[in-house]
Amino acid sequence: MNYKGYLLEEKDGCLKVKNVRDFNLTHIFECGQCFRWIKQEDGSYRGIVGRKLVRVGFEEDTLYIWNSGIQDFIDIWFDYFDLGTDYSKIKAVLEKDPVMKEAIKTGYGIRLLKQDFWEMLISFIISANNMIPRIMKTVDTLSVMRGVCIDAEQCCYSFPEIDALAEATLEELQNCRAGFRCKYIYQTSQLMKTGKITKEKLVNMKTGEARKELMTLPGVGPKVADCILLFSGIKYDVFPTDVWVKRVMEELYFKREASLREIQNFAVDNFGELTGYAQQYLFYHARLNKIGMSQHQ
């Protein structure tokens, strides 16, 4: 079957998707945008999206998704992997900048996943001043505590719904070992249960307004807000900036100390609507090449 330029074939519980370009599983799953994908010994990745446990592999121009079918591709994976976006065009524009050209060589196969807004909200509250393995562990523990079991044999659980997490006491949440972030998870869950903020509301706001709206939630600062907007596919003209990204930008572009506002303005002025994509290429490039790492804790 042909779906929007992709050739789909379903056989023995595995979906084959041909004609996939600008795609690399390691670049996608290990660039800091997601926390529920685990690399397997054969190079494939096992992950949980919604209530679906799958394993994915990629070879040449073919994406393999085990435990999935053609309808899942139409309903989930086409949007999730952002397969309607031409990354060759994005890279062609960004590569006019020599620094970006080098960064794209490193992470040529990055795609920005369109993930669940609620899951991103809680995941990136957990991410504040935290390391990726610990974030992954906390997200998984929360899912076991309050999510739905989707595979008892492999002990896999979906991310908890808003109401399920809002029903948890602060004492219960402290079992997920997120430290000071537990109170933020608790307070934000209570607010979200009231419908205070919805994805639809944020989509219809200007980026600055959407950022401010998210920052009314406990545990959400400017960087966390930008991550939530970017990795749930709501806004792409954001440039999540923490202390490390600040150092990376100073080293690669400014050659001096620069303020966060200066960096944000520079990114939007230089990359425009592609700012979020630029941030991911730079972030991945810097991490792999240990740029700005000497002072990074």
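Residues numbered from 1 in each chain as written. Predicted model: local features only at pLDDT ≥ 70, side-chain atom pairs only at ≥ 80, totals over all residues. Heavy atoms only, no water.

Enquirer: What is the right way to look at the pairing of strand β3 (residues 14-18) in this model?
Expert: Note that strand β2 (residues 6-11) and β3 share five bridges and pair antiparallel. When the bridges of β3 are listed, Leu8 appears paired with Val17. (Pairing = 2+ DSSP bridges. Helix = DSSP H or I, 4+ residues; strand = E, 2+ residues; numbered from the N terminus.)

Enquirer: Looking at this model, I keep getting lost on the packing of aromatic side chains. Mind explaining?
Expert: Any two aromatic rings considered together are summarised by their centre-to-centre distance and by the angle between their planes. Evaluated as defined, the whole model comprises 25 aromatic pairs. Pairing Trp37 with Tyr80 gives two aromatic rings, centres 6.4 Å apart and planes at 40 degrees, and the pair type is tilted. In this pair, Trp37 is assigned in strand β4 (residues 37-39) and Tyr80 in helix α2 (residues 70-80), connecting sequence segments 43 residues apart. Taken as a pair, Trp37 and Tyr80 share a single burial class, namely buried. Members of the aromatic cluster, joined through ring pairs, are Phe23, Phe29, Trp37, Tyr45, Phe58, Trp77, Tyr80 and Phe81. Sitting over the face of the ring of Trp66, Arg55 holds its NZ or CZ atom 3.9 Å from the ring centroid. (Phe/Tyr/Trp six-rings, centres within 6.5 Å; stacked < 30°, edge-to-face > 60°. Buried < 20%, exposed > 50% of the residue type's maximum accessible area, 1.4 Å probe, protein only. Lys NZ or Arg CZ within 6 Å of the ring centre and 35° of its normal.)

Enquirer: Whenever I open this one, unusual backbone geometry confuses me. Can you help?
Expert: Negative phi characterises most residues that are not glycine, and trans characterises most peptide bonds. The backbone of Asn19 sits at a positive phi, close to 75 degrees, despite the residue not being glycine. Summarising the element assignment, Asn19 is placed in the loop between β3 and α1 (25-29). For Lys255, which is not glycine, the phi dihedral falls at a positive 60 degrees. Among the structural elements, Lys255 can be located in the loop between α13 (243-254) and α14 (260-271).

Enquirer: Just checking my understanding: could you explain the pattern of salt bridges for this structure?
Expert: Two side chains of opposite charge can pair, provided their charged atoms sit close to one another. All told, the structure shown has 15 salt bridges when counted by the stated rule. Between Lys201 and Glu213 there is a salt bridge, and its shortest N-O distance comes to 3.8 Å. Here the residue Lys201 occupies a position in helix α10 (residues 199-203), and Glu213 occupies one in helix α11 (residues 207-214), the gap between them amounting to 12 residues. For Lys201, a relative accessible area of 36% corresponds to the partly exposed category. Of the charged contacts, one joins Glu250 and Lys246 as a salt bridge, the two residues approaching to 2.6 Å between their closest N and O atoms. Of this pair, Glu250 and Lys246 both sit in helix α13, four residues apart, which is roughly one turn of the helix. In this structure Glu250 comes out as buried when scored by relative accessible area, which is 12%. Under the relative-accessibility criterion, Lys246 is labelled partly exposed at 21%. Within this structure, Arg146, Glu167 and Glu172 form a network of salt bridges that share partners. (Salt bridge = Lys/Arg side-chain N within 4 Å of Asp/Glu carboxyl O.)

Enquirer: Would you mind showing me how to read empty space enclosed by the protein here?
Expert: Empty space among the atoms becomes visible once a probe the size of a water molecule is rolled across them. The tally for this structure, following the rule as stated, stands at one cavity of 30 Å³ or more. The space that makes up the largest cavity amounts to roughly 60 Å³. Along its surface, the largest cavity is lined by Phe239, Trp244, Val245, Val248, Met249, Gln279, Leu282, Phe283 and Ala286. Elements represented by at least two residues in the lining of the largest cavity include exactly α13 and α15 (275-288). (1 Å grid on protein atoms, 1.4 Å probe; cavity = no way out; pocket = protein on both sides within 12 Å on 5 of 7 lines; lining within 4 Å. Points joined across faces, edges and corners; volume = space filled by probe spheres on them.)

Enquirer: Just checking my understanding: could you explain the packing of α11 against helix α12 (residues 222-231) for this structure?
Expert: A packed helix pair is summarised by two numbers, namely the angle formed by the two axes and the spacing between the axes. Close contact between α11 and α12 brings their axes to 9 Å; oriented N to C, the two are set at 120 degrees. For the element pair α11 / α12, the angle class is oblique. As for the relative orientation of α11 and α12, their crossing is right-handed in sense. Contacts between α11 and α12 involve Thr207, Ala210, Arg211 and Leu214 from the first element and Ala225, Asp226, Ile228 and Leu229 from the second. (Axes fitted to C-alpha atoms, helices over the stretch in contact; angles between N-to-C directions. Parallel < 35°, antiparallel > 145°, perpendicular 65-115°, else oblique. Left-handed = near helix turned anticlockwise from the far one by under 90°. Contact = heavy atoms within 4.5 Å.)

Enquirer: How should the layout of surface pockets be read in this particular structure?
Expert: Reported here for the largest pocket is a volume of approximately 1200 Å³. For the largest pocket, the lining is made up of 46 residues, of which Lys223, Thr241, Asp242, Val243 and Val245 are closest to its centre. Every element with two or more residues in the lining of the largest pocket is listed here: α5 (117-127), α6 (132-146), α11, α12, α13, α14 and α15. With six residues, α12 is the single largest residue contributor to the lining of the largest pocket. Partitioned by chemical class, the residues of the lining of the largest pocket number 22 nonpolar, 16 polar and eight charged. Taken as a whole, the second largest pocket encloses approximately 620 Å³ of empty space. Gln115, Asp116, Phe117, Trp118 and Glu119 are the residues nearest the centre of the second largest pocket, which is lined by 32 residues in total. (Nonpolar A, V, L, I, M, F, W, Y, C, P; charged D, E, K, R; others polar.)

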